Every structure is written in structure tokens, then in C-alpha cells.
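Architecture at a glance
Letter by letter, the chains look like this.
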Amino acid sequence: MAKEIINNPTWGNILRKYSRNLHGHLSFFFSGVLFIYVVSGIAMNHQSIFNPQYDVSVQQYKAEGQFPRSANFTKDEIVNLLKPVSEDQHYKKHFYPNPQTLKVFLSTGSSFSVNTVNGQVEYLGIKRRPFFFQLSFLHYNPGTYWKYFSDAFAISIIIVIITGLIMNKGDRGFFGIRGIEFVIGIIIPLLFLIF
């Protein structure tokens, strides 16, 4: 019976029809997560020129007030020093690595240091980059539920590949130009791995 079904001339047409339907449904359903992985992947591909997660900036300027100062700043004084860089709500702690330097740690991950002799400030600002931070966060697999969803996505991509190979016949299918493209697409990453 199974042999008769396989030999049935419509069997291939039925397989291709269901492959096209499955291919289309999975492609549309997972287009959102595909967009996330593609855009965040491109951003992370160019980290030497672009930090996809954080915008890092350095500011140097002279703080207002009387200097030199001894190493006895109060918390309120430090909070006032943080206002020009809009970090006065993010004070975490401070210490003196040496008598001439006040260093402040901030809850944002940024850092702020003041030369107590001349009032020179160095502010290292670290801020989350809008949009790209969230995409990168998902790209790095942030939790159990996302792990399951991304696993389902990965399996579905395999199905999309297989259905894409068999849903067309003849010159438009695997045994035509698309089969050649498929083989070339496998050879290129293999060459990068070998060489």
C-alpha cells in the first residue's frame, strides 16, 4: 500500500503543496524573531566601530566650587557635582583612591571622578542604546522561556530550509539552479572555517 502511494504520480505534487503551505506559515510566524536576530547580528558584527548595547561617552570639564578641597565631600555635595551630567539621581557610592581624587560610582554603570586639587572632572557615561540594546538582549538568550521560543525558531528554520528545497520541481527546484545556489551557500562558510 505504501509503495502504491509513493508511486502515485500525485504524491510529489501533494508533498510540494504541503511544503509550500508549511514554508509560508512558518516564515510569516517567525518573521519577527528573524528580524531581531538579523538586525542585532549585523550590529554585533561591527562592534569595532559600533557598540550595539551601550553608548559610551567621555566628558572632561572643571567643576563649579572652591578647589583645592580636602577629601571630605559630603554625599549632598557629591550629588550636586553630579547634576551637570544628569546623574544626581544615580549616586551609588564614592571613595578616594588617593588624596587628590574623588571617585563616584553610579547605578547606571557610569563613573565620575574629580581632581580635588583643581576641580577637573572626568565623566565616563554609559547609557543603554535605544532599540539596539533590547534587540541584543534577546539575541543573548535572556531567560528560560525565550530559550524555548528560540529553540522552536531554530527548528522551524530547519523546516523552512527543507520545505524550501522540495516545494518546487524541475529547473526551479533543488535539481536546478537553486540546488547549485544551495551547495555554494554551504561551501562559502566551510571555506571560512577551513581557511
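You'll find the structure just up there.
Residues numbered from 1 in each chain as written. Predicted model: local features only at pLDDT ≥ 70, side-chain atom pairs only at ≥ 80, totals over all residues. Heavy atoms only, no water.

Let us now look at the packing of aromatic side chains. Inspection of every chain in the model, using the stated rule, returns 12 aromatic pairs. Between the aromatic rings of Tyr54 and Phe133, the centroid separation amounts to 5.5 Å while the plane-to-plane angle is 65 degrees, which identifies the pairing as edge-to-face. With Tyr54 in strand S1 (residues 54–62) and Phe133 in helix H5 (residues 132–139), the pair connects residues that are 79 residues apart, well separated along the chain. For Tyr54, a relative accessible area of 30% gives the class partly exposed. An aromatic cluster of at least three residues, connected via ring pairs, comprises Phe29, Phe30, Tyr37, Trp146, Phe149 and Phe153. Just above the ring of Phe73 sits the side chain of Arg69; from NZ or CZ to the centre is 4.3 Å. (Phe/Tyr/Trp six-rings, centres within 6.5 Å; stacked < 30°, edge-to-face > 60°. Helix = DSSP H or I, 4+ residues; strand = E, 2+ residues; numbered from the N terminus. Buried < 20%, exposed > 50% of the residue type's maximum accessible area, 1.4 Å probe, protein only. Lys NZ or Arg CZ within 6 Å of the ring centre and 35° of its normal.)

Here we come to the nonpolar core. Nonpolar side chains tend to gather and get buried jointly when the protein is soluble and globular. Within the largest apolar cluster, 17 residues are counted, with the highest numbers of intra-cluster contacts made by Val104 and Phe112. Elements with a contribution of two residues or more to this core: helix H4 (75–82), strand S3 (101–106), strand S4 (111–115) and strand S5 (120–128). Ranked by residues supplied to this core, first place goes to H4 with four residues. In contact with Phe112, other than residues within four places in its own chain, are Tyr61, Leu81, Leu82, Val85, Leu102, Lys103, Val104, Leu106, Val121, Glu122 and Tyr123. Listed in part, the 10 residues of the second largest apolar core include Phe30, Val33, Trp146 and Val160. (Core = buried A, V, L, I, M, F, W, Y, C linked by side-chain atoms within 4.5 Å. Contact = heavy atoms within 4.5 Å.)

Once that is clear, we can look at the pattern of salt bridges. Tallied over the full model, the rule gives two salt bridges. Note that Arg69 is salt-bridged to Glu77, the shortest N-O span being 3.2 Å. A relative accessible area of 26% means that Arg69 is categorised as partly exposed. Of the residues examined, Glu77 reaches a relative accessible area of 30% and is grouped as partly exposed. Residue Glu87 is joined to Lys127 by a salt bridge in which the shortest nitrogen-to-oxygen separation is 3.7 Å. Taken together, the residues Glu87 in the loop between H4 and strand S2 (91–98) and Lys127 in strand S5 connect sequence positions 40 residues apart. You can call Glu87 buried: its relative accessible area is 0%. (Salt bridge = Lys/Arg side-chain N within 4 Å of Asp/Glu carboxyl O.)

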